Amino acid sequence: MEEFKIPTIPTYDSGKNIQRIGGVSSTYSGTIPPLSVAALLDLHFALGKIDKLAAEIKNPAEPWSWAKAEYYDSMTAETLLSKEVNWTANGKAALDIYCRLVFAADPCEFSALYMLTYIAQAGGAMKLADIKGGAQESLVGGGTDSIPRALADWLSSQPKCSLHLNSIVASIADSEQGTVVSCTDGRSFSGRVAVIAIPPTVRVLKQKIIMFWNSDASCDLSRIQLVPRIRISPDLPATMDQFFQRFPAGSVLKTVMIYEKALWKTDGFSGQLVSDDASEPIQWAVDHSTPDDQFCALIGFINGRRALKWRDLQKEDRKRAICEQYCRFFGINELLHPKDYLECDWATQPFSRGCYVGLMAPGTLTGLGKACLRQSVNNLYFAATEYAERWGGYMDGAIRSGQATAKN
């Protein structure tokens, strides 16, 4: 970003945060919400143990080499947190929120070893959640699309470099002579190697047909969907195919509620909200306004299994529920009447199929990681934030993975 002179904006972090855990609402400052003494001690112990275990993974790029890898890859993160860490209900609730916010999935959906490796790559559990000095510290000035736009401009200016937009890849043929990439519009491109820089969950080798059935068991032909996937020939090794099948993405709806004024600031709130109330849509929200407040917004996230529930509603119903939640939490009636509302369900995006990152179920890292993670197949190379050796799951990790793949 420095190279392309793209500015960053500090995440607004002044004022009172508000949280609702275990049915009790309160305000606080910092990252850790106010809990009972027992729950705070429990949470402190839990985070300390998690960080201690993560620090034992001396080489996060090869977590399967850790002496305890098999043990922690045999259980989910839920098992680790419930049986080995947490004692109190509210302490566990706080860590459940942490997992949903960081991984966009419930802790029962991914391996404990995967979680510990992810934390080791970042340098600590709270590094992933903190604003000051953590992963949530800055916003990209002008929006995150400033980065690919700058990269596109740079690529277009390079000799012997062609950039083709709106070119959906249908297949990649690999041979001793090189690779041929064919697009859905009939065009094809050849090269010595091909770098496949898309999420692992999109790399299913064959197209997938989704069919919808009526109540009388007849197929609704008008709703058949063909989900695009890249066909690779010859087929990838079975082990690599199995690896990609065990790499699903998390579920998240990202919502942006736009207002005329940032009234929460006027009332002394930061805009940060944390909730474990299953009846509410938003688990975490944060101020998303520009520093001059010319653009005022709250950005809220519906993560994990909660996303599965709320995506079934109509957009207007989600909007109304979120506005009502903001009104209840901040006590500001004007928040019921936004200027505009934007949302994105990442699971519906054909080129990501979820967010924020590919997750690994128990047994994946130790069973298939060594043979497949960051490995090339003949002239095919794979790059993604999931493959980064540091800050996997973030844009930082995506760039690191791209740089490492280019060097290979």
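About the criteria used
- Residues numbered from 1 in each chain as written.
- Predicted model: local features only at pLDDT ≥ 70, side-chain atom pairs only at ≥ 80, totals over all residues.
- Heavy atoms only, no water.
- Pairing = 2+ DSSP bridges.
- Helix = DSSP H or I, 4+ residues; strand = E, 2+ residues; numbered from the N terminus.
- Axes fitted to C-alpha atoms, helices over the stretch in contact; angles between N-to-C directions.

Chemist: Help me understand the sheet that holds strand β6 (residues 178-183) in this model?
Modeler: Two orientations exist for strands paired in a sheet by backbone hydrogen bonds: parallel and antiparallel. Taking strand neighbours across the sheet as the criterion, the four strands line up as β7-β6-β5-β11 in an open arrangement whose pairing is mixed. Among the strands making up the open sheet, the edge pair consists of β7 (188-191) and β11 (231-233). For this sheet, the mean inter-axis angle between neighbouring strands, taken without regard to orientation, is 15°. In this structure, strand β5 (residues 169-175) lies alongside β11, joined through three bridges in parallel fashion. If you follow Ser171 over to β11, its bridge partner there is Arg231.

Chemist: I tried to follow the sheet that holds strand β15 (residues 296-303) on my own but got confused; where do I start?
Modeler: Across the sheet, which stays open at both edges, the seven strands sit in the order β3-β2-β13-β14-β15-β12-β16 with mixed pairing between neighbours. Edge positions in the open sheet fall to β3 (24-28) and β16 (340-345), since each of these has one partner strand only. Within this sheet the neighbouring strands show an average axis-to-axis angle of 15°, counted without direction. One ladder, built from two bridges, connects strand β13 (residues 269-275) with strand β14 (residues 284-287); its direction is antiparallel. In the strand pairing of β14, Leu273 is matched with Ala285.

Chemist: I tried to follow unusual backbone geometry on my own but got confused; where do I start?
Modeler: Leave glycine aside and you will find that most residues have negative phi; peptide bonds, for their part, are mostly trans. Cis geometry marks the peptide bond from Ser233 to Pro234; its omega dihedral reads -5°. Following the sequence through the fold, Pro234 ends up in the loop between β11 and α7 (238-245). Cis rather than trans, the peptide bond between Cys355 and Tyr356 has omega equal to 0°. Mapped onto the secondary structure, Tyr356 falls in the loop between β16 and α11 (364-372). At Ala104, a residue that is not glycine, the phi angle is positive and equals roughly 55°. Tracing the backbone through its elements, the reader meets Ala104 in the loop between α4 (89-103) and α5 (112-122). The backbone of Asn378 shows a phi angle near 55°, a positive value even though the residue is not glycine. Among the structural elements, Asn378 can be located in the loop between α11 and β17 (380-382).

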